[in-house]
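Remarks on the overall topology
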Amino acid sequence: IEVSCGALTETLLESELFGHVKGAFTGAIKDRVGRFELANGGTIFLDEIDAFSTALQVKLLRVLQENEFERVGDTKTVKVDLRIITATNQDLQKLITQDKFRKDLYYRLNIISIEVPPLKERKGDIPLLIEDFIKRHAGHTNKKITGISKEAVCILADYDWPGNIRQLRNCIRMMVVMCDRDMLDVQDIPPEIYKVRQLTSGSR
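Residue numbers run consecutively from 1 along every chain, following the written order of its sequence. Only residues with pLDDT of at least 70 get local features here, since the model is predicted, and only at 80 or more are side-chain atom pairs given and counted; chain-wide, interface and lining totals rely on the full set of residues. For the side-chain quantities, the full set of heavy atoms in the structure was used; hydrogens and water were omitted.

**Thoughts on the packing of helix α6 (residues 126–140) against helix α8 (residues 164–178)**
Defined as follows: To obtain an axis, a line is fitted to C-alpha atoms, over the contacting stretch when the element is a helix, and the angle between two such axes runs from 0 to 180 degrees between their N-to-C directions. In this text, helices come from DSSP runs of H or I with a minimum length of four residues, and strands from runs of E with a minimum of two, each type numbered from the N-terminal end. Small angles under 35 degrees read as roughly parallel and large ones over 145 as roughly antiparallel, with 65 to 115 read as roughly perpendicular and the rest as oblique. We call a crossing left-handed when the near helix sits turned anticlockwise from the far one by less than a right angle, and right-handed when that turn is clockwise. Residue contacts are counted whenever heavy atoms from the two residues lie within 4.5 Å of one another. Charged means Asp, Glu, Lys or Arg here, nonpolar means Ala, Val, Leu, Ile, Met, Phe, Trp, Tyr, Cys or Pro, and polar covers whatever is left, Gly included.
Running from N to C, α6 and α8 cross one another at 50°; their axes reach a closest spacing of 9 Å. Taken as axis vectors, α6 and α8 run oblique relative to one another. Two packed elements cross with a definite hand, and for α6 against α8 that hand is right-handed. Here I126, L129, I130, F133, I134, H137 and A138 of α6 come into contact with α8, specifically with I165, L168, R169, I172, R173 and V176. Looking at the contact of α6 with α8, its residues break down into ten nonpolar, one polar and two charged.

**Here we look at the packing of aromatic side chains**
Selection criterion: Aromatic contacts are taken between Phe, Tyr and Trp rings whose centres are within 6.5 Å, Trp giving its six-membered ring; a plane angle under 30 degrees counts as stacked, one over 60 as edge-to-face, and the others as tilted. Type-normalised accessible area, obtained with a 1.4 Å probe on protein chains alone, sets the label of each residue: buried when under 20%, exposed when over 50%, and partly exposed for intermediate values.
Counted by the stated rule, this structure contains five aromatic pairs. Seen from their ring centres, F18 and F36 are 5.3 Å apart, and the 50° between their planes marks the pair as tilted. On the criterion of sequence distance, the pair formed by F18 in helix α1 (residues 10–18) and F36 in helix α2 (residues 35–38) is long-range, its members being 18 residues apart. With respect to burial, F18 and F36 carry one shared label: buried. Plain terms: the ring middles of F36 and F69 are 6.0 Å apart, the flat faces sit at 45° to each other, and that makes the pair tilted.

**Details of the nonpolar core**
Cut-off, in case you're wondering: Throughout, nonpolar core names a set of buried Ala, Val, Leu, Ile, Met, Phe, Trp, Tyr and Cys residues whose side chains join them through atoms within 4.5 Å.
Counting 28 residues, the largest nonpolar core has F36 and L46 as its most contacted members. Those elements giving two or more residues to this core turn out to be α1, β4 (43–47), α3 (54–66), α4 (92–97) and α5 (103–109). For this core, the leading source of residues is α3, giving five residues. Counting residues in each nonpolar core, the second largest holds 26 residues, with L119, A138, I145 and I172 among its members.

**Here we look at the environment of E16**
We count it as follows: Definition of a polar contact: a pair of N or O atoms within 3.5 Å, with one able to donate and the other able to accept a hydrogen when the atoms are protein atoms, and with sequence-neighbouring residues admitted only if both atoms are side-chain atoms.
The residue E16 is located in helix α1 in this model. Take E16: its relative accessible area is 12%, and that puts it in the buried class. A sequence separation of eleven residues divides E16 from C5, and the C-alpha atoms of the two residues are 9.3 Å apart. Excluding its chain neighbours within four sequence positions, the residues that come into contact with E16 are V3, L8, R32, G34 and R35. Here the side chain of E16 touches R32 through a polar contact of 2.9 Å, side chain to side chain.

Following this line, the structure appears as structure tokens:
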């Protein structure tokens, strides 16, 4: 079960994770099971864990320590057994010094830590990611795009991708949507990326 925490307000995130009962707040017209409950017996992935408010951090800490919680507006305790994986692009230790992230939660979460280098430091992944994104977006848009030219891959692989994988994915999505052929090529690359390549090449 995946939750994009940064995309939700505090109230919505609390309801999304813990669920709620009818009448718990305006708009709660029926009971709702939260993501923690849905992930019981499996794994939940919390993306952008830094988006948690202090109050929600306390509730998450309880889930980690006691494997239990209450739905919003309810007094009945729900027991769960699950694995929690979190991700962030922020320096949590810096947020701790700013009193924006709880130290005890950090140490409770930081059992196994995997640091993923930015895309510009793993250029070898780019061709495989491009291939995967083409298949996905071609399928979603019902386009019969079978691949991409080697020259286009070289240009894309040479770009630094400050927005990392999200930026690459959105780039390929746009290329697929705009392409009217069965193969992506250099002319399909967004101008802002191709111009960087031209400027870099011209300065060498």
